[in-house]
Amino acid sequence: MSATPGNPFIIVAIDGGAASGKSSTARALSERFNLLHSDTGSYYRAVTAEMLRRGASASDLSSVTAALADMKLGTRIEGRSARIEVSGRAPGDEIRSKEVNDAVSHFAAIPELRSALLAYQRGQAAAAREGGFAGLVMEGRDIGSVIFPDADFRFFLHADAAVREQRRVSQGQEDKVAERDQLDSSRKTAPLSQSQGAASIDTTLMTVAQVADQMASVISRRPAPA
Ligand code: DC
């Protein structure tokens, strides 16, 4: 299925805290509706890994802006995923390392870094259209509030902190999810917050399929344009 007059191009925004279930449900939706999947957390992680590689520090703004000025962001579409390339390099597993987990929220709080990623993220809608997708599903922290406030569908996922920590442990990751949420929610620029009108889903006791079903039923009920 691609976008047609009867099935117009859609943008689905999914926001929520760390390990709240965004990526797995976004992937499921991308398959059900043929949407390009854009995991913006992986973009912040890739840029953070590159900052660390270059020896930039989140507490030294000039080191961050110098690295940004020298970084070129590109996109490679793999199946239904929009993957970032940083200066021609596709990031690997290092973006899920403890070093990146510990540093990413500090870099993500820097307005200059966020604005470097803003146009890049909005540009994914054009990439989805050009790729013949029926729409875009983008997940992150500020998608429904800042990146696509006019998205056709906006969801906000929650889950108990202990369950979220456990999800990361079962993925073999060391990640202080509550600490990252605290940093992500308290920053001045584009904090993690539920935007007005976003449908809230508590995923604590739900399977990925159940969450995806709930979202899919909202999307499928969308009236066709007059
Ligand atoms: O979704 P994730 O846990 O992989 O995201 C990693 C970090 O990136 C997260 O702690 C904060 C930052 N982030 C952000 O600030 N804004 C987004 N839209 C996505 C992620």
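Everything discussed here concerns the structure shown above.
In this report, the structure presented in the accompanying data block is examined. All residue numbers here refer to positions counted from 1 along the written sequence of the relevant chain. Owing to the predicted nature of the model, reporting of local features is limited to residues with pLDDT of at least 70; listing and counting of side-chain atom pairs is limited to 80 or more, with chain, interface and lining totals taken over all residues. Hydrogens and water are ignored here; the side-chain numbers use all heavy atoms of the structure.

### A closer look at the site of the ligand
Piece 1. Whether a residue is near a molecule or strand depends on its heavy atoms: it is near if one of them lies within 4 Å of it. Residues in close proximity to the ligand total 18 residues, the closest being R45, R114, R180, D184 and R187.
Piece 2. Between the ligand and R180 there is a distance of 2.7 Å, counted from an oxygen atom to a side-chain nitrogen or oxygen.
Piece 3. Note that an oxygen atom of the ligand is positioned 2.8 Å from one of the side-chain N or O atoms of R187.
Piece 4. Taking 450 Å² as the accessible area of the ligand by itself, protein coverage stands at 98%.
Piece 5. Put simply, DSSP marks the helices as runs of H or I at least four residues long and the strands as runs of E at least two long, and each gets a number from the N terminus on. Among the elements of the structure, helix 2 (40-53), helix 4 (98-108) and helix 9 (177-186) are those that each provide at least two residues to the shell around the ligand.
Piece 6. In terms of residue count, the dominant contributor to the shell around the ligand is helix 2 (four residues).
Piece 7. Residues are grouped as follows: Ala, Val, Leu, Ile, Met, Phe, Trp, Tyr, Cys and Pro are nonpolar; Asp, Glu, Lys and Arg are charged; all remaining types, including Gly, are polar. In the shell around the ligand, the residues fall into four nonpolar, four polar and ten charged. N or O atoms within 3.5 Å of each other form a polar contact, as long as, within protein, one can give a hydrogen and the other can take it, and as long as residues adjacent in sequence are counted only when both atoms are side-chain atoms. For the area figures, the Shrake-Rupley method with a 1.4 Å probe applies, and any residue is considered shielded solely by the protein chains shown.

### A few points about the nonpolar core
Piece 1. Joining through side-chain atoms within 4.5 Å is the link that ties buried Ala, Val, Leu, Ile, Met, Phe, Trp, Tyr and Cys residues into a set, and such a set is a nonpolar core. Each residue's exposure class comes from its accessible area (1.4 Å probe, protein chains only) as a fraction of the maximum for that residue type: buried when under 20%, exposed when over 50%, partly exposed otherwise. Residues M51, L113, L117, L136 and F148 are the most contacted members of the largest nonpolar core, which totals 38 residues.
Piece 2. In this analysis, two residues are considered to be in contact whenever any of their non-hydrogen atoms come within 4.5 Å of each other. Setting aside residues up to four positions removed in sequence, F148 forms contacts with I11, Q121, R122, A125, L136, M138, I143 and R154.
Piece 3. I10, I14, L35 and A216 belong to the second largest nonpolar core, which has 17 residues in total.

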